[in-house]
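Summary of structural features
So the chains spell out like this:
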Amino acid sequence: MSGWSGKSVLVTGGGSGLGRAMAQRFAAEGAAVVVLGRREEPLLESVALIERAGGRGFAVTCDVRDPEQVQAAIAFTADRAGRLDVLVNNAAGNFICPSEQLSPNGFKSVVDIVLNGGFNCSRFAFEHLRRVRGVILNIVATYAWLAEPGVVHSAAAKAGLLAMTRTLAAEWGQFGIRVNAVAPGPIHTEGTDKNLWVAPELEQAMVRGIPLGRIGQPSDVAEAALWLCGEQAAWVSGTCLTVDGGQWLSGGVYNFRTAYERFAGKG
Ligand code: COA
């Protein structure tokens, strides 16, 4: 029996992309997994994939920006799964927009989802996590400490989430709660394909800047998440594990926008 059997994991934004991959990975190890998101349909697809593979999955619709909905969703999770061992703050919104054209509401919407949503979930998960000396994992981005032209809203929000990772690790360590982050590099998912990969040709330019010579896969992040949230990482807290093939070492920005402009001869 694996160390995950009898445990439960809540993944926000679990209806697609990295969230779905992480949910499937935890479920494959025997954890009961609750996927949370705004739209029911993709959540039910995640649950179906988990169940088809022999795992236990549940869906809960919730907008992480709304504290009351979050409180109810976490109560649902604890009720369905009996406990809450791991919270993965993965829900995000992103799009490329030059900062001088971004509306205040566009900036606010992304910060609300990523940063305020991350706090709402952590805040209401606290009592459950304290009971079992649980774990919080925040999904950030390397541009939280570097830069990425065209996504100031997401960069600011992820930087805040990274600060929250360290602060909560320092504050809640006394309760046995570990808080860590993963910073993924460029990865193809439905969401990133739609919102960030503005030109197929961009990939070649991007790969040249990645020492390990390839774009990432959702499973790269899922494996890192599993390790950071598991017993093997029992003395790891307040850290951010970068999973990007070494991209950030070269200055590390994804440069979705500038690479595109350069490619298109506009830069
Ligand atoms: N470029 C510029 N501004 C944009 C935009 C874009 N591509 N997409 C949305 N916005 C702005 C809107 O114009 C609006 O501002 P306004 O009221 O000043 O016009 C503001 O953002 C909110 O948009 P809205 O669609 O009403 O908000 P929402 O809460 O329904 O959606 C988003 C939130 C904007 C983050 C949306 O992209 C989303 O839901 N994303 C989830 C999926 C996702 O992005 N995943 C990440 C994949 S990498």
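Our structure is the block above this text.
Now for a look at the structure at hand.

About the cut-offs
- Residues numbered from 1 in each chain as written.
- Predicted model: local features only at pLDDT ≥ 70, side-chain atom pairs only at ≥ 80, totals over all residues.
- Heavy atoms only, no water.
- Core = buried A, V, L, I, M, F, W, Y, C linked by side-chain atoms within 4.5 Å.
- Buried < 20%, exposed > 50% of the residue type's maximum accessible area, 1.4 Å probe, protein only.
- Helix = DSSP H or I, 4+ residues; strand = E, 2+ residues; numbered from the N terminus.
- Contact = heavy atoms within 4.5 Å.
- Near = heavy atom within 4 Å.
- Polar contact = N/O pair within 3.5 Å; in protein donor to acceptor, adjacent residues only side chain to side chain.
- Areas by Shrake-Rupley, 256 points an atom, 1.4 Å probe, with all protein chains shown as cover.
- Phe/Tyr/Trp six-rings, centres within 6.5 Å; stacked < 30°, edge-to-face > 60°.

What follows concerns the nonpolar core. Core analysis: the biggest nonpolar cluster contains 38 residues, and L10, L36, V64 and V140 have the highest contact counts within it. Secondary structure elements with two or more residues in this core: β2 (32-37), β3 (56-61), α3 (67-81), α4 (104-132), α5 (152-172) and β6 (178-184). For this core, the element with the most residues is α4, which contributes eight residues. Once residues lying within four places of it in the same chain are set aside, the contact partners of L36 are L10, V11, T12, G13, G14, L43, V60, C62, V64 and A73. If you look at the next biggest cluster of nonpolar residues, it comprises 30 residues, including A23, A222, A224 and L226.

With that settled, consider the site of the ligand. The environment of the ligand is made up of 17 residues, and the closest members are R38, R65, N94, S103 and N105. Separating an oxygen atom of the ligand from a side-chain N or O atom of R65 is a distance of 2.8 Å. The separation between an oxygen atom of the ligand and a polar side-chain atom of N105 is 2.9 Å. For the ligand, whose free accessible area comes to 920 Å², the fraction covered by protein is 54%. Broken down by secondary-structure element, the contributors of at least two residues to the shell around the ligand are α4 and α6 (190-195).

Looking now at the packing of aromatic side chains. Scanning all chains against the criterion turns up four aromatic pairs. Judged by centre distance (5.8 Å) and plane angle (80°), the ring pair of W145 and W248 falls under edge-to-face. Taken together, the residues W145 in the loop between β5 (135-139) and α5 and W248 in the loop between β7 (240-243) and α9 (256-263) connect sequence positions 103 residues apart. Given the relative accessible area of 33%, W145 is considered partly exposed.

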